[in-house]
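Now for the letters of each chain:
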Amino acid sequence: MEKYSKENPQSKVVDIELIKKLYIYLRLYRYFLMISIFFLLISKVIEAFVPIFIGRLSQQMLDGISLGLTEKHILLNHIISGCWLILGLLVVSYLLDSLNVFLKSWVGQKSLFSLRQDVYQHILCQPLSYFDHHTVGRMMTRTIHDVDQINQMFTESVVPILGNIFLFICIFIGIAVVDWKIALFIFAVMPIVFYLTNRFRYYQRICYDKVRTIVSAMNTFFQEHLMGAATIRNFGLQMQSKTQFEAINKDHRDAYLESIHHFSFFIAGIDLLQNFSLILVFILLVLFNPIGSEFQAGTFFTFSLYGLMIFRPLADLAERYNVFQAALAAAGRIFDVMNRKIEDFSPKHELDKIHSIAFEDVWFAYEKENWVLKGLSFEVKQGESLAIVGVTGEGKTTIISLLLRFYDYQKGKITINGQDIRDYSLSDLRRQFSVVLQDPVIFSGTVSDNIGLYDPSITKEKIYSVADYLNFLPIIQRFPDGWDHFLGERGKSLSIGEMQLISIARAIAHYRSALILDEATANIDSVTEMMIQNALTKILKEKTAIVIAHRLSTIRDASRILVLHHGKAAETGTHQELLAAQGIYEKLYRLQFV
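Residues numbered from 1 in each chain as written. Predicted model: local features only at pLDDT ≥ 70, side-chain atom pairs only at ≥ 80, totals over all residues. Heavy atoms only, no water.

Peer 1: Even after reading the chapter, I still don't get the environment of L124, so can you show me in this structure?
Peer 2: Structurally, the position occupied by L124 is in helix α3 (residues 69–124). Residues L124 and I342, spaced 218 residues apart in sequence, show a C-alpha to C-alpha distance of 8.8 Å. (Helix = DSSP H or I, 4+ residues; strand = E, 2+ residues; numbered from the N terminus.)

Peer 1: Can you walk me through the packing of helix α6 (residues 180–227) against helix α8 (residues 238–288) in this structure?
Peer 2: For any two helices packed against each other, the geometry comes down to the angle between their axes and how far apart the axes lie. Interaxial distance between α6 and α8 falls to 10 Å at its minimum, and their mutual angle equals 170 degrees. Judged by the inter-axis angle, α6 sits roughly antiparallel to α8. Among the residues making up the contact of α6 with α8, the classes are represented as 32 nonpolar, ten polar and five charged. (Axes fitted to C-alpha atoms, helices over the stretch in contact; angles between N-to-C directions. Parallel < 35°, antiparallel > 145°, perpendicular 65-115°, else oblique. Nonpolar A, V, L, I, M, F, W, Y, C, P; charged D, E, K, R; others polar.)

Peer 1: Can you help me understand the pairing of strand β9 (residues 514–518) in this one?
Peer 2: Among the five residues in β9, five count as buried, and that is most of the element. Burial along β9 is two-sided: A514, I516 and D518 and L515 and L517, pointing in opposite directions, are all buried. Taken together, the four bridges between strand β6 (residues 433–436) and β9 define a ladder with parallel strand orientation. Residue pairing in the sheet places F433 in a bridge with A514 of β9. (Buried < 20%, exposed > 50% of the residue type's maximum accessible area, 1.4 Å probe, protein only. Pairing = 2+ DSSP bridges.)

Peer 1: Help me understand a nonpolar patch on the surface in this model?
Peer 2: Nonpolar side chains collect at one region of the surface, where L76, I80, W84, L87, V91, Y94 and L95 lie side by side and expose about 730 Å² of accessible area between them. Mapping L95 onto the fold places it in helix α3. (Patch = residues over 30% accessible without salt bridge, like charges linked within 9 Å, V, L, I, M, F, W, Y side chains within 5 Å. Areas by Shrake-Rupley, 256 points an atom, 1.4 Å probe, with all protein chains shown as cover. Salt bridge = Lys/Arg side-chain N within 4 Å of Asp/Glu carboxyl O.)

Peer 1: Mind showing me how you'd approach the nonpolar core here?
Peer 2: In a soluble, globular protein the nonpolar side chains are often hidden away together inside. Ranked by internal contacts, the top residues of the largest apolar core, which has 44 residues, are L470, I555 and Y585. Element by element, the count of residues in this core is highest for helix α15 (residues 496–509), at eight residues. Look past the residues within four positions of L470 in its chain and what remains in contact with it is I504, A505, I508, A535 and I539. Counting 31 residues, the second-largest nonpolar core is a separate cluster that includes L376, V380, I414 and I516. (Core = buried A, V, L, I, M, F, W, Y, C linked by side-chain atoms within 4.5 Å. Contact = heavy atoms within 4.5 Å.)

Peer 1: What am I meant to see in the sheet that holds strand β4 (residues 411–416) here?
Peer 2: Consider a sheet: its strands pair through backbone hydrogen bonds, and that pairing is either parallel or antiparallel. Strands sit in the order β2-β1-β4-β5 across an open sheet of four strands; the sheet is antiparallel. Each having just a single partner strand, β2 (371–381) and β5 (419–420) make up the two edges of the open sheet.

Peer 1: Where do I start with the side chain of H122 in this structure?
Peer 2: With respect to the helices, strands and loops of the structure, H122 is situated in helix α3. By relative accessible area, H122 is classed as buried at 14%. A polar atom in the side chain of H122 sits 3.2 Å from the backbone oxygen of V337. (Polar contact = N/O pair within 3.5 Å; in protein donor to acceptor, adjacent residues only side chain to side chain.)

Peer 1: When you look at unusual backbone geometry in this model, what are you seeing that I'm missing?
Peer 2: Across the chain, the bulk of peptide bonds are trans and the bulk of non-glycine residues have phi less than zero. The phi angle at R405 is positive, at roughly 60 degrees, despite the residue not being glycine. If you trace the backbone, R405 turns up in the loop between α10 (396–403) and β4. Its relative accessible area of 15% is what places R405 among the buried residues. A positive phi angle is found at L453, which is not glycine, with a value near 50 degrees. Considering the arrangement of structural elements, one finds L453 in the loop between α12 (447–452) and α13 (460–469).

Peer 1: Just to check I follow, could you spell out the sheet that holds strand β11 (residues 560–565) for this structure?
Peer 2: Within the open sheet, the six strands sit side by side as β6-β9-β10-β3-β11-β12. Their pairing is mixed. Single-partner strands in this sheet number two, and they are β6 and β12 (568–573). Neighbour-to-neighbour, the strand axes of this sheet turn through a mean angle of 15 degrees, independent of strand direction. Of the strand pairs in this sheet, β11 and β12 are connected by five bridges, and their pairing is antiparallel. Across the sheet, residue L562 finds its bridge partner in β12, namely T572. Strands β3 (385–389), β6, β9, β10 (544–548) and β11 of the sheet are contacted by α10, whose axis makes an angle of about 145 degrees with β10. Taken strand by strand, α15 contacts β6 and β9, and its axis lies near 175 degrees from that of β6.

Peer 1: What am I meant to see in the pairing of β4 here?
Peer 2: Taken residue by residue, a regular strand's side chains alternate between the two faces of the sheet. In the sheet, strand β1 (residues 356–365) pairs with β4 via five bridges, with the strands oriented antiparallel. Looking at β4, one finds that W363 is bridged to K411. Here β4 runs beside β5; their pairing, made up of two bridges, is antiparallel. If you follow I416 over to β5, its bridge partner there is Q419. Here β4 folds back onto β5 in antiparallel fashion, the turn holding two residues, of which N417 has a positive phi close to 55 degrees.

Peer 1: How should the environment of P440 be read in this particular structure?
Peer 2: Residue placement: P440 occurs in the loop between β6 and β7 (445–446). Put simply, P440 and S559 are 119 residues apart on the chain and 25 Å apart in space, counted from C-alpha to C-alpha. P440 has contacts with M499, Q500 and S503, leaving out every residue within four places of it along the chain.

Peer 1: Teacher, can you tell me more about the side chain of D428 here?
Peer 2: Within the fold, D428 resides in helix α11 (residues 426–430). Here the side chain of D428 touches R431 through a polar contact of 2.8 Å, side chain to side chain. Once residues within four sequence positions are removed from consideration, D428 is found in contact with H349, E350 and L351.

Peer 1: Looking at this structure, I do not really get the pattern of salt bridges. What am I missing?
Peer 2: Should the charged atoms of two oppositely charged side chains come close, the side chains can pair. Under the defined criterion, the tally for this structure stands at 15 salt bridges. With a closest N to O distance of 3.3 Å, K460 and D484 form a salt bridge. Placement of K460 in helix α13 and of D484 in the loop between α14 (473–477) and β8 (486–487) is noted, with a sequence separation of 24 residues between them. Its relative accessible area of 38% is what places K460 among the partly exposed residues. Overall, D484 belongs to the partly exposed group, its relative accessible area being 44%. Each of the salt bridges in this network shares a partner with another, and the network as a whole consists of K250, R253 and D254.

Peer 1: What's the story with the packing of helix α1 (residues 16–26) against helix α9 (residues 297–338) in this structure? I'm lost.
Peer 2: Taken N-terminus to C-terminus, the directions of α1 and α9 make an angle of 80 degrees; their axes are 10 Å apart at the nearest point. In this view, α1 runs roughly perpendicular relative to α9, as classed from their interaxial angle. Contacts between α1 and α9 involve L18, I19, K21, L22 and Y25 from the former and F324, L328, A331, G332, F335 and M338 from the latter. Grouping the constituent residues of the contact of α1 with α9 by class yields nine nonpolar, one polar and one charged.

This is the structure:
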């Protein structure tokens, strides 16, 4: 288990704060839950006292063997009436149980619908740094598996635990009603049952913690290796991947087998005590039976039923208590995410249009004082295009992350229209930029869906005109269903170039004040690069743009070019000016074209 990172410490036995937070999602449906519990308690009362009726009817049948024919006929009618009564009680108990199960499940699903929505939305609103330190598999576990664990708490632990406790009390009352002396002897066996139950609960909780941790690691492994399936095949790593999964799967199996071991020991102990209690009741009935009187077989039958019943709620209680603990642990992990501070989208200064962007002596480090940017300053005015170049690791993409406030800078100032960007709401700020990334994101949906992103203000006519403006129509016409061609997960059916073309069309269709291009022509073929270059030439003449590029051919028409070196602005000027200066830019250009 040391090789798997523990997600959080074990939760308290009963964490009141967590229960209060969960109750927020439950309170809208609390009356339905109360009705469900009421139905459950009535059902348990019937279940607990039916053995008394069955025992008395059995004794009456045995006593009636020596009666005359007339008395037997009267007794038979009485027994039949008693059987109908018992059957009616069992039917009522069944109906109440069914209503209880339906209501508690309905309440659970209604409550968890809201919880899952909130968890998903909260994760989406986390700062980008959160995603740097948390795996996708773990976040999926929070949204899906952990919420399902809480559903089990509503439907399979809290309400059934109350029912089992109430049933145990009713059974013990029933035993005392039949014979209080025997009830005392049976109660003397209870400490052994409590010991077995507590032992089982303790070890099962440890096993469940192991299983949950391994399941989270397994989800992460699946996500990483399935997304990297092409790389695994290219490097012939199928056997290594299989071996790694076998190790995780073996640990998962062993954790479950350990749980089964403790469960089998517990159940075997409960079965032994049940058999012992039946023998004990028989011996006590013989000892307490008055000399010369007949053995009370009906009473023994009642106690036999109670002997089988009294241990069942305790055994069920131990198992359901572990479900309760697992759900509390899942709730702890969920609210650990929910308690994290999200990005601040509250309204501040309004930002309708970008007239200028300025970096003023900006310093930034991802960790402590390992500075990526060191006193960077530049300005982009409306209608200008600024190209940023530099070798890998100089902080080009970091500039974009700071401008969009995915991270906040430590020193200096970034302004838009002369106002610090931290004075604008995040939604207003980001709504002003269209972004094209080096690795384009394609969602499951049609081509037009991926360009419009389900925005009702972007009509199909607008999408068509954008594609025509960018000369992308020949690409769209190659798809079997044209605009309605369905693109699978992550655009698997597309080339990188086609994905990038769709990404650029998306940026233009969502008309924004400024355009950001982050390595938009990286990793594509020369023909597609030419198409994108022609499109960019049009765009850069008409829009405020910041372009990050390794391929210097794509930025010749930029208004200005900024050369980053060691986190600072080493050179700035037009393409021709920088070539004439024979500095860093000229060397980079010569390396690419000479």
